[in-house]
Amino acid sequence: MINLVLFGPPGSGKGTQASKLVEKYHLIHISTGDLFRYEMGNDTPLGQQAKSYIAKGELVPDEVTIGMLRNKVEAHQDAKGFIFDGFPRTIRQAQALDALLTGIGTSVSALIALQVDDEEIVQRIKLRGASSGRPDDSDENVIRNRIEVYKNETTPVFDYYAQTGKSHSVNGIGSIAEIFGRLADIMDSL
Ligand code: C5P
Ligand code: MG
């Protein structure tokens, strides 16, 4: 299996690039943010649990997110591999992912971080908010809080996978095709 952690701040293009990577490498795309939005849209107990955190730009508690991710991975054990988009967001989530993948005889192949500066992110997310209908994309305070949470709680995950030589970074500024080329170069070297 090839298992990619597609990493980077909110609005860095993870979802856009994941769709293109899926086409080329035939992996299963798991976006925990999309899974939460699906649950909220259907007003499920899980969606209700996640809603207040997402509205504020805070992280949903690890055990909730990890449980949801586990169900999704276990449903696709025959996959060629996975693209994890928006997960892991904490060291505990990374440790849980490692344990889960070990349990099915595989591991994280690489983490690739898309690098985009804060002001570009704020502009991109506001633009997306105009059409996405996501409340957390439409309030600048929430957007800035998501960036803070990323810096404080999520960036340690980059260092965690760097310890085993798995972390890579690419410039996340440029055309969609240019950025995809940077990602594909790393994927093809794995
Ligand atoms: O990944 P995305 O930016 O779409 O996630 C939207 C929101 O979902 C995050 O701001 C956060 O509130 C929540 N989330 C989370 N833990 C994750 C992924 C998403 O709490 N691993
Ligand atoms: Mg996304």
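Structure: above.
These figures come from a predicted structure and were not determined experimentally.

A. Quick look at the packing of helix α5 (residues 91-103) against helix α7 (residues 140-162). Their axes nearest at 8 Å, the elements α5 and α7 cross at an angle of 40°. Put simply, α5 runs oblique to α7. Residues Ile91, Ala94, Gln95, Leu97 and Asp98 of α5 pack against Pro156, Val157, Tyr160 and Tyr161 of α7. The residue inventory of the contact of α5 with α7, partitioned by class, reads seven nonpolar, one polar and one charged.

B. Spatial organisation of the pattern of salt bridges. Here the structure, examined in full by the defined rule, presents 14 salt bridges. For Arg92, the salt bridge goes to Asp62, with nearest N and O atoms at 3.8 Å. With Arg92 in helix α5 and Asp62 in helix α4 (residues 62-74), the pair connects residues that are 30 residues apart, well separated along the chain. Residue classification places Arg92 among the partly exposed positions, given a relative accessible area of 46%. When its relative accessible area of 14% is taken as the criterion, Asp62 is described as buried. A salt bridge links Arg144 to Glu140, with the nearest nitrogen and oxygen atoms 2.9 Å apart. Of this pair, Arg144 and Glu140 both sit in helix α7, four residues apart, which is roughly one turn of the helix. With relative accessibility at 29%, the residue Glu140 sits in the partly exposed group.

C. Looking closely at the sheet that holds strand β3 (residues 81-85). Ordered in space as β2-β3-β1-β4-β5, the five strands form an open sheet in which the pairing is parallel. Each of the sheet's edge strands pairs with one partner strand only, and the pair in question is β2 (28-31) and β5 (167-171). In this sheet, adjacent strand axes meet at a mean angle of 20° when their direction is disregarded. In this sheet, strand β4 (residues 110-115) lies alongside strand β1 (residues 2-7) in parallel orientation, the contact comprising four bridges.

D. Region of interest: the packing of aromatic side chains. Enumeration according to the criterion identifies three aromatic pairs in this entry. Residues Phe7 and Tyr150 carry aromatic rings whose centres are separated by 5.7 Å and whose planes lie at 50° to one another, so their mutual orientation is tilted. Note that Phe7 is positioned in strand β1 and Tyr150 in helix α7, a separation of 143 residues in sequence. Pair check on accessibility: Phe7 and Tyr150 agree, each one buried. Relative to Tyr161, the ring of Tyr160 has its centre 4.9 Å away and its plane inclined at 85°; by these criteria the two rings are edge-to-face.

E. Geometry of the site of ligand 1. Near ligand 1 there are 16 residues, and of these Arg37, Glu58, Val60, Gly86 and Arg89 occur at the shortest range. In the model, a nitrogen atom of ligand 1 is placed 3.5 Å from a nitrogen or oxygen of the Thr32 side chain. A distance of 2.7 Å separates an oxygen atom of ligand 1 from a polar backbone atom of Val60. Surface burial for ligand 1 is 96%, taken as the share of its 450 Å² of free accessible area covered by protein chains.

F. Quick peek at the nonpolar core. Counting 29 residues, the largest nonpolar core has Phe36, Leu69, Phe84, Leu97 and Tyr161 as the members making the most contacts within it. At the level of elements, β1, α2 (32-41), α3 (45-56), α4, β3, α5, β4 and α7 are the ones that each hand at least two residues to this core. Ranked by residue count, the leading element in this core is α4, at five residues. Setting aside chain neighbours within four positions, we find Leu97 in contact with Val5, Leu69, Phe84, Phe87, Pro88, Val108 and Tyr161. Judged by nonpolar contacts, the second largest core, of 17 residues, contains Ala18, Ile112, Leu183 and Met187.

G. Summary view of α2. Along α2, the residues that are buried comprise Thr32, Leu35, Phe36 and Glu39. Along the axis of α2, the buried positions cluster into a sector of 100°, meaning they face one direction only. Set apart from the buried face of α2 by more than 90 degrees, the exposed residues are Tyr38 and Gly41. Where α2 is buried, its residues touch β2, α3, α4 and β3.

What counts, and at which threshold
Residues numbered from 1 in each chain as written. Chains lettered and ligands numbered in written order. Predicted model: local features only at pLDDT ≥ 70, side-chain atom pairs only at ≥ 80, totals over all residues. Heavy atoms only, no water. Axes fitted to C-alpha atoms, helices over the stretch in contact; angles between N-to-C directions. Helix = DSSP H or I, 4+ residues; strand = E, 2+ residues; numbered from the N terminus. Parallel < 35°, antiparallel > 145°, perpendicular 65-115°, else oblique. Contact = heavy atoms within 4.5 Å. Nonpolar A, V, L, I, M, F, W, Y, C, P; charged D, E, K, R; others polar. Salt bridge = Lys/Arg side-chain N within 4 Å of Asp/Glu carboxyl O. Buried < 20%, exposed > 50% of the residue type's maximum accessible area, 1.4 Å probe, protein only. Pairing = 2+ DSSP bridges. Phe/Tyr/Trp six-rings, centres within 6.5 Å; stacked < 30°, edge-to-face > 60°. Near = heavy atom within 4 Å. Polar contact = N/O pair within 3.5 Å; in protein donor to acceptor, adjacent residues only side chain to side chain. Areas by Shrake-Rupley, 256 points an atom, 1.4 Å probe, with all protein chains shown as cover. Core = buried A, V, L, I, M, F, W, Y, C linked by side-chain atoms within 4.5 Å. Arc of directions from axis to C-beta.

Purely spatial values, then, with no claim about function.
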